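Structural description and commentary
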Amino acid sequence: MMNFNMSKTWLVAAIFMLSWQVNAQQIIIKAGQVIDVTTGQILKNQFIVVENGVITKLSNRAPKKQNNSQVIDLSNQFVLPGLMDMHTHVVRNLSKSFYDKYYQSPHRATIGGVVNLEKTLLAGFTTIRNVGASDYMDVALRNAVAAGEIPGPRMAVSGPSLGITGGHCDNNVLNHSFKEKGQGVANGPWQVREKVRENVKYQVDVIKFCATGGVFSKGTKVGQRQYTQEEMNAIVDEAHTHGRTVAAHAHGTEGIEYAIKAGVDSIEHASFLDAKTIALAKKHGTYLSMDIYNTEYTLSEGLKNGVPQENIDKEKQVGKRQRESFTAAVKAGVKMVLGTDAGIYPHGDNAKQLSRMTKFGMTPLQAIQAATINSADLLNWQDKVGQIKAGLFADIIAVDVNPLKDITSLERVRFVMKNGVVYKN
């Protein structure tokens, strides 16, 4: 049996070998079938040239090799851009127990984030948006990924979510003597502006606020509006002034309506849509990010993980209605992104939602577009990610089966490259 020191030696050697590969001046990927996610067209026998982490060429003609070119053969695979998840919570304790955050150091949640990021990346998700993390832990993780210190998807992060006192984005479990309070709690137009400015100061990419109650909070009604129109207007105005997009957690119809009118960029969950809010979202170009898979996990595993009955009951109120809203929004042509709420269920299972999106109204191409070009558009990162195209980052995945015919193949990603670095092959 190999001893520990020998194991470390082999590990270091493997890392150096990988570094040599990814630092090659030119990488040539022989791609049997490249899916153009804008049209659904399959381009056969393509060559993707990657230099310094960026795609420089996509052509059916073999490029001239350089002396240190690396060739990756994906001739038998279906190749497409890395997937994107617009609603994640990677900063989590690794235990499944619902109350462990009260017993473990919050620093454990950051360590959990490191583990969860790698799982997400290896599942083929090369870009995520993390919407809600205390103490700017997601900012630290984003910076560590960007610096190449830990493996993970490219991240857009929100830091602490804004919310009213006693609302979904507050902490309401302990009694008043503990003086428990969410870091993003702010009330009134000027206080919410101050909280937005604070988040901007500490370098968040997106502002997230809670416009209604939610499933996984104590004492809130899942559909009841939180924040006034004036407060929401102030949040969005301040965020947009600083060049940040805005995501609004909103299950209930009135909260959705107020948030769209305030000018948010995306509605998270969007469970209780009606004809009016669907029309409003379409008129304003508001993206919907609807987590229609995780209800299955919550109802099957929640009680085992210690989730209180109150929260299970609220999930039962939401799940079926949210899927009906999803179908109606798809039929109406509202803009949509993939947003899974990963963290409520295990990280790395993000792609399981794609099959539910097709079950409840989308074509496979629409589901893939929600997880690629639509998400890039929401982030205003169209010039960086979302397609296999010259000038964009080399975020590339591959599967054995055509996902346009079997969307579940994206749950079995065989190859992952992010920024020209191969993480799974």
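These lines cover the structure that appears in this document, whether it is placed above or below.

What counts, and at which threshold
- Residues numbered from 1 in each chain as written.
- Predicted model: local features only at pLDDT ≥ 70, side-chain atom pairs only at ≥ 80, totals over all residues.
- Heavy atoms only, no water.
- Helix = DSSP H or I, 4+ residues; strand = E, 2+ residues; numbered from the N terminus.
- Rg over C-alpha atoms; globule rule 2.2 N^0.38 Å.
- Areas by Shrake-Rupley, 256 points an atom, 1.4 Å probe, with all protein chains shown as cover.
- Lys, Arg positive; Asp, Glu negative; His and termini not counted.
- Charge placed at Lys NZ, Arg CZ, Asp CG, Glu CD.
- Buried < 20%, exposed > 50% of the residue type's maximum accessible area, 1.4 Å probe, protein only.
- Contact = heavy atoms within 4.5 Å.
- Salt bridge = Lys/Arg side-chain N within 4 Å of Asp/Glu carboxyl O.
- Disulfide = S-S within 2.5 Å.
- Pairing = 2+ DSSP bridges.
- Axes fitted to C-alpha atoms, helices over the stretch in contact; angles between N-to-C directions.
- Phe/Tyr/Trp six-rings, centres within 6.5 Å; stacked < 30°, edge-to-face > 60°.
- Parallel < 35°, antiparallel > 145°, perpendicular 65-115°, else oblique.
- Left-handed = near helix turned anticlockwise from the far one by under 90°.
- Nonpolar A, V, L, I, M, F, W, Y, C, P; charged D, E, K, R; others polar.
- Core = buried A, V, L, I, M, F, W, Y, C linked by side-chain atoms within 4.5 Å.
- Arc of directions from axis to C-beta.

Time to look at the overall build of the protein chain. Along the protein chain, the regular secondary structure elements total 12 helices and 15 strands. Taken against the 2.2 N^0.38 rule, which gives 22 Å for 425 residues, the C-alpha radius of gyration of the protein chain at 22 Å falls within 12% of a compact globule. Across its three principal axes, the protein chain shows a C-alpha extent of roughly 65 × 55 × 40 Å. When the accessible surface of the protein chain is summed, it comes to about 18,600 Å², and 51% of that surface belongs to carbon and sulfur atoms. Here the protein chain contributes 48 positively and 38 negatively charged side chains, and the mean placements of these two sets differ by 4 Å.

Quick look at helix α6 (residues 253-262) now. For the α-helix, the turn length of 3.6 residues means that residues three or four positions removed from each other point alike. For α6, every residue scored as buried is listed here: Gly-255, Ile-256, Glu-257, Ala-259, Ile-260 and Ala-262. Where α6 is buried, its residues touch β8 (206-210), α5 (229-241), β9 (245-250), β10 (266-269) and α7 (275-284).

Attention now moves to the pattern of salt bridges. Summed over the entire model, instances satisfying the criterion amount to 17 salt bridges. In this structure, Arg-197 and Glu-238 form a salt bridge, with 2.9 Å as the shortest nitrogen-oxygen distance. Note that Arg-197 is positioned in helix α4 (residues 189-201) and Glu-238 in helix α5, a separation of 41 residues in sequence. Among the residues examined, Arg-197 registers a relative accessible area of 40% and is labelled partly exposed. As a salt-bridge pair, Glu-324 and Lys-320 come within 2.6 Å of each other at their nearest N and O atoms. Highlighted residues: Glu-324 and Lys-320, both in helix α9 (residues 309-332), separated by four residues, approximately one helical turn. Residue Glu-324 is classed as partly exposed on the basis of its relative accessible area of 39%.

All told, the structure shown has one disulfide when counted by the stated rule. Covalent S-S linkage joins Cys-169 and Cys-210, the inter-sulfur distance amounting to 1.9 Å. Across the S-S bond of Cys-169 and Cys-210 the torsion is about 40°, and the bridge reads as right-handed. In this pair, Cys-169 is assigned in the loop between β7 (154-157) and α4 and Cys-210 in strand β8, connecting sequence segments 41 residues apart. A relative accessible area of 0% places Cys-210 in the buried class.

The next subject is the sheet that holds strand β4 (residues 70-81). The strand order β3-β2-β1-β4-β13-β14-β15 describes an open sheet built from seven strands, whose pairing is mixed. Two strands bound the open sheet, and with one partner strand each, they are β3 (54-59) and β15 (421-424). Neighbouring strand axes in the sheet, compared pairwise and without regard to direction, differ in orientation by 35° on average.

Attention now moves to the sheet that holds strand β5 (residues 83-88). Taken in spatial order, the three strands of this open sheet run β5-β6-β7, and their pairing is parallel. A single partner strand is all that each edge strand has here, and the edge strands are β5 and β7. Within the sheet, the average angular offset between the axes of one strand and its neighbour, ignoring direction, is 15°. Pairing of β5 with strand β6 (residues 125-130) involves four bridges; the strand directions are parallel. Looking at β6, one finds that Leu-83 is bridged to Phe-125.

Once that is clear, we can look at the packing of aromatic side chains. Enumeration according to the criterion identifies three aromatic pairs in this entry. Centre to centre, the rings of Tyr-136 and Tyr-202 are 5.1 Å apart; their planes meet at 50°, and the pair counts as tilted. Highlighted residues: Tyr-136 in the loop between β6 and α3 (137-146) and Tyr-202 in the loop between α4 and β8, separated in sequence by 66 residues. Tyr-202 sits in the partly exposed class, given a relative accessible area of 37%. When the centroid spacing of 6.1 Å and the interplanar angle of 70° are considered together, the rings of Phe-209 and Tyr-227 count as edge-to-face. With Phe-209 in strand β8 and Tyr-227 in the loop between β8 and α5, this pair connects stretches of sequence that are 18 residues apart. Across the pair, exposure class does not vary: Phe-209 and Tyr-227 are buried alike.

The interhelical angle for the contact between α5 and α6, taken along N-to-C directions, is 40°, at an axis separation of 8 Å. Judged by the inter-axis angle, α5 sits oblique to α6. Handedness of the crossing formed by α5 with α6: right-handed. Mapping the contact onto sequence places Gln-229, Met-232, Asn-233 and Val-236 in α5 and Gly-255, Tyr-258, Ala-259, Lys-261 and Ala-262 in α6. Residues of the contact of α5 with α6, tallied by class, amount to five nonpolar, three polar and one charged.

A word on the nonpolar core. Core analysis: the largest hydrophobic core is formed by 76 residues, its most contacted members being Phe-209, Ile-267, Leu-288, Phe-326, Leu-354, Met-357 and Leu-410. If sequence neighbours within four positions are ignored, Ile-267 has contacts with Ala-248, Ala-250, Ile-256, Ala-259, Ile-260, Thr-286, Tyr-287, Leu-288 and Ser-289. Formed by 17 residues, the second largest nonpolar core is a distinct cluster that contains Val-50, Ala-394, Ile-396 and Ala-398.

Moving on, we get to α7. Every buried residue of α7 is listed here: Thr-277, Ile-278, Leu-280 and Ala-281. Projected onto a plane normal to the axis of α7, the buried residues spread over an arc of 160° and lie on a single side. In this structure, α7 carries Ala-275, Lys-282 and Lys-283 as exposed residues pointing more than 90 degrees from its buried face. On the buried face of α7, the contacting elements are α6, β11 (287-289) and α9. Remark: Gly-285 follows α7 within two positions and exhibits a positive phi of approximately 70°.

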